[in-house]
Amino acid sequence: MKQTIVVATNNAHKLEEIRAIAGTAYNILGLADIGCTVDIPETSDTLAGNAIQKATYVKEHFGYDCVADDTGLMVDALGGEPGVYSARYAGPGHDSAANMALLLERMAGKTDRRAHFSTIIALTEGDGVRLFEGRVDGTITSAPRGTDGFGYDPVFMPDEAAPLTFAEMNAADKNAISHRGRATRALMEYLSNASDR
Ligand code: IMP
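Owing to the predicted nature of the structure, the values given are computational and were not obtained by experimental measurement.

*Asks:* What exactly am I supposed to notice about the overall build of the chain here?
*Replies:* The number of helices and strands found in the chain is five helices and seven strands. In sequence order, the secondary structure elements of the chain are arranged as β-α-β-α-β-β-α-β-β-β-α-α. Of the contacts made within the chain by residues no fewer than 6 positions apart, 51% connect residues no fewer than 24 positions apart. Of the roughly 9,900 Å² that the chain leaves accessible, carbon and sulfur atoms contribute 51%. Across the chain, the 18 positively charged side chains and the 27 negatively charged ones have centroids separated by 1 Å.

What follows is the structure, given as structure tokens:
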């Protein structure tokens, strides 16, 4: 019988991507498919803590194995900020432009501009949780460049694609080296090997 896995997202694009890679051995459902309409709590101060919290919430309340992720941008000169608070760095209700503006303001005059994105994916398994990580290293630019992508893409220049920022790359090129791409491929490799067992 096919194993059912819930992906803790309402993003149809994310679901389709995972369905395509997971193949026919898995029945991949989104939160809407299981009638989960609540805002799942994310109260941890680590990416792994939040990913585990979301995945286990679904397992405990709905009974399905679940995959959940959390991502952050860690800037060395800011002691790892914005990190787990990347989405709301400039405060609740602020957008990416405000988050980037605050980041560039705090980076003014800093010579160490090293940073990395990290994505942690948690997969519930029986009574435990398995974690997958993806990371990309780079630097923070002095001003935004490019119009593609989202979030901090215009101010992040990945080492492997310099001098381009993420926002100057097409989606396929970004996915090939990105934190999320790497973590998702690690999960998919695990799932496809598991489905052969
Ligand atoms: P989430 O956990 O995927 O929702 O990511 C949290 C926050 O990190 C987002 O709101 C963005 O601000 C930032 N972020 C995550 N992934 C990316 C990316 O690929 N590029 C730029 N910013 C990102």
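*Asks:* Just checking my understanding: could you explain the pairing of strand β3 (residues 65–75) for this structure?
*Replies:* Look at any regular strand and the pattern is simple: side chains alternate between the two faces of the sheet. Across the eleven residues of β3, ten count as buried, placing the element largely inside the fold. Taken together, the three bridges between strand β1 (residues 3–7) and β3 define a ladder with parallel strand orientation. Within β3, the position partnered with Val7 by the bridge is Val67. Pairing between β3 and strand β5 (residues 114–125): nine bridges, direction antiparallel. From the neighbouring strand, Thr71 faces β5, where its bridge partner is Thr119. Note: β3 against strand β4 (residues 82–83), two bridges, orientation antiparallel. Within the sheet, the bridge partner assigned to Met74 lies in β4 and is Pro82.

*Asks:* How should the site of the ligand be read in this particular structure?
*Replies:* Taken together, the residues surrounding the ligand are Asp70, Thr71, Ser86, Ala87, Phe117, Phe150, Gly151, Tyr152, Asp153, Lys174, His179 and Arg180. A distance of 2.7 Å is found between an oxygen atom of the ligand and a side-chain nitrogen or oxygen belonging to Lys174. One of the side-chain N or O atoms of His179 is found 3.0 Å from an oxygen atom in the ligand. Where the shell around the ligand is concerned, the elements lending two or more residues are β3 and α5 (179–196).

*Asks:* Would you mind showing me how to read the side chain of Asn99 here?
*Replies:* Along the chain, Asn99 turns up in helix α3 (residues 96–106). In this structure the side chain of Asn99 is engaged in a polar contact, spanning 3.4 Å, whose partner is the backbone nitrogen of Tyr89. Ignoring sequence-local partners within four residues, the contact set of Asn99 consists of Ser86, Ala87, Arg88, Tyr89, Ala90 and Tyr152.

*Asks:* Just to check I follow, could you spell out the pattern of salt bridges for this structure?
*Replies:* Proximity of charged atoms lets side chains of opposite charge pair with each other. Taken as a whole and judged by the stated rule, the model has twelve salt bridges. A salt bridge links Glu81 to Arg106, with the nearest nitrogen and oxygen atoms 3.4 Å apart. Of this pair, Glu81 sits in the loop between β3 and β4 while Arg106 is found in helix α3, placing the two residues 25 residues apart along the sequence. Linking Asp137 and Arg135 is a salt bridge whose minimum nitrogen-to-oxygen distance equals 2.8 Å. Of the residues examined, Arg135 reaches a relative accessible area of 38% and is grouped as partly exposed. Among the charged side chains, a network of salt bridges with common partners joins Glu16, Arg19 and Asp33.

Cut-offs and rules
Residues numbered from 1 in each chain as written. Predicted model: local features only at pLDDT ≥ 70, side-chain atom pairs only at ≥ 80, totals over all residues. Heavy atoms only, no water. Helix = DSSP H or I, 4+ residues; strand = E, 2+ residues; numbered from the N terminus. Contact = heavy atoms within 4.5 Å. Areas by Shrake-Rupley, 256 points an atom, 1.4 Å probe, with all protein chains shown as cover. Lys, Arg positive; Asp, Glu negative; His and termini not counted. Charge placed at Lys NZ, Arg CZ, Asp CG, Glu CD. Buried < 20%, exposed > 50% of the residue type's maximum accessible area, 1.4 Å probe, protein only. Pairing = 2+ DSSP bridges. Near = heavy atom within 4 Å. Polar contact = N/O pair within 3.5 Å; in protein donor to acceptor, adjacent residues only side chain to side chain. Salt bridge = Lys/Arg side-chain N within 4 Å of Asp/Glu carboxyl O.

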